[in-house]
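Observations on chain architecture
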Amino acid sequence: MRNLIFLWVMVLSTAVYGSKAKEIKYQSSADHSEQPAMFYAPVSKEPVPLMVALHTWSGNYKQKYHKAIEQWCIKHGWAYIHPDFRGPNNRPEATGSELVVADIVSAVEYAKGATQIDSSAIYLIGTSGGGYTALVMAGHHPDLWAGVSAWVPISDLAAWHAQGKHVEALEQSCGGAPGDSPAVDAEYAKRSPITFLSNAKGTTLHLHAGIKEKIVSISHSLLAFNELAEAKDRISDKDIAYFVKKRKVPPNLQAAHPDRSYGEKQPLFTRKSGNATVTIFDGGHQLVATAAIAWIQKVHNEKTKKKK
């Protein structure tokens, strides 16, 4: 009888969730509004890991950028959620706001209520603006994440404004340009991961930047790493300037070992300090999904072994 009940639950769950993420709505703890997300939950008798994927700077919850991550989760029996967190980063309600932070935490809570989630195996991934928001979440809720994979992220909004990227969206979000007033400067600071990232020193976190990057300077990932690294492991200002100007690894830094998971976008430089890692790879403003998945698998396997 018990087996028949489980089989019937499986049939019902498959009808609800199918083989891809479905649109759902959940309540945000910030303002009790209904927020949309794409969600997939596998049928399982045991708690499963959860992958939280974050859309890019100008995207929303329907974006397909992390489709390979979603498909991997479905194939391997992981839950997956892709929240909206107030949509594109072009207004005060979005762009690293308190609403955004609460929305993403509430998305995790929704997943926990909708299926059995292993609370020790909640992973976060984002690219570009999603990488930025992943760092925001790491700084504000470091203990929530078993691992954070941030690809080509922005870590300092004022610096990014000075670099001439998404200037209009930044000014709409923060109330003006850096230097306009103390209040505006405070907005840039409180929405920037660099302000709070030292809180995440105990969080397993991997930063990625492409050597051919043209949208978000490599400096954002390197400076974010320095916030997390021990003093002896930090990358010097001179070396960061070399990375940015020459688009090459400084001669005094050791080259990274080859890694098959990166395919043609091989790592050129990697440094680890405590739980933080930064990798500069042979690519541009992009996610290498196979490498992201391989890293998350490795982290998850290591944590699973420790629990046994």
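Structure first, text after, so check above.
Computed from a prediction, not measured in an experiment: that's the story for all the values here.

**A look at helix H9 (residues 219–228)**
Burial runs high along H9: eight of the ten residues are buried. Looking at H9, one finds that the buried residues are Ser219, His220, Ser221, Leu222, Ala224, Phe225, Asn226 and Leu228.

**A closer look at a positive patch on the surface**
On the surface, Lys20, Lys22, Lys62 and Lys64 cluster together into a patch of positive charge. When you line up the elements, Lys64 lands in the loop between strand E3 (48–54) and helix H2 (67–76). Lys64 sits in the exposed class, given a relative accessible area of 57%.

**Focus on the sheet that holds strand E6 (residues 147–151)**
One open sheet accounts for nine strands, arranged E1-E2-E4-E3-E5-E6-E7-E9-E8; its pairing is mixed. Every other strand in the sheet has two partners, leaving strand E1 (22–27) and strand E8 (267–273) as the edge strands with one partner each. Looking at each pair of strands side by side, their axes are set apart by 20° on average, direction ignored. Sheet topology places E1 next to strand E2 (residues 34–40); six bridges connect them, and they run antiparallel.

**Focus on the pattern of salt bridges**
Going through the model one piece at a time under the given rule, you end up with nine salt bridges. A salt bridge links Asp31 to Arg86; the nearest nitrogen and oxygen atoms lie 3.0 Å apart. Of this pair, Asp31 sits in the loop between E1 and E2 while Arg86 sits in the loop between strand E4 (79–83) and helix H3 (98–114), and the two are 55 residues apart along the sequence. For Asp31, a relative accessible area of 35% puts it in the partly exposed group. In this structure, Lys232 and Asp233 form a salt bridge, with 3.2 Å as the shortest nitrogen-oxygen distance. Taking the relative accessible area as the measure of exposure, Lys232 reaches 69% and is therefore exposed. Each of Asp31, Arg86 and Asp103 takes part in one network of salt bridges that share partners.

**Describing a negative patch on the surface**
Taken together, the side chains of Glu168, Glu171, Asp180 and Asp185 define an acidic patch exposed on the protein surface. Along the chain, the position of Asp180 falls in the loop between helix H6 (167–174) and helix H7 (182–190). By relative accessible area, Asp180 is classed as exposed at 53%.

**Observations concerning unusual backbone geometry**
Despite not being glycine, Phe85 has its phi angle at roughly 35°, a positive value. Among the secondary structure elements, Phe85 is positioned in the loop between E4 and H3. Residue classification places Phe85 among the buried residues on the basis of a relative accessible area of 1%. A positive phi angle is found at Val152, which is not glycine, with a value near 40°. If you trace the backbone, Val152 turns up in the loop between E6 and helix H5 (157–162).

Criteria and cut-off values
- Residues numbered from 1 in each chain as written.
- Predicted model: local features only at pLDDT ≥ 70, side-chain atom pairs only at ≥ 80, totals over all residues.
- Heavy atoms only, no water.
- Buried < 20%, exposed > 50% of the residue type's maximum accessible area, 1.4 Å probe, protein only.
- Helix = DSSP H or I, 4+ residues; strand = E, 2+ residues; numbered from the N terminus.
- Patch = residues over 30% accessible without salt bridge, like charges linked within 9 Å, V, L, I, M, F, W, Y side chains within 5 Å.
- Areas by Shrake-Rupley, 256 points an atom, 1.4 Å probe, with all protein chains shown as cover.
- Salt bridge = Lys/Arg side-chain N within 4 Å of Asp/Glu carboxyl O.
- Lys, Arg positive; Asp, Glu negative; His and termini not counted.
- Charge placed at Lys NZ, Arg CZ, Asp CG, Glu CD.
- Pairing = 2+ DSSP bridges.
- Axes fitted to C-alpha atoms, helices over the stretch in contact; angles between N-to-C directions.

Everything listed here is a matter of geometry and, on its own, says nothing about what the molecule does.
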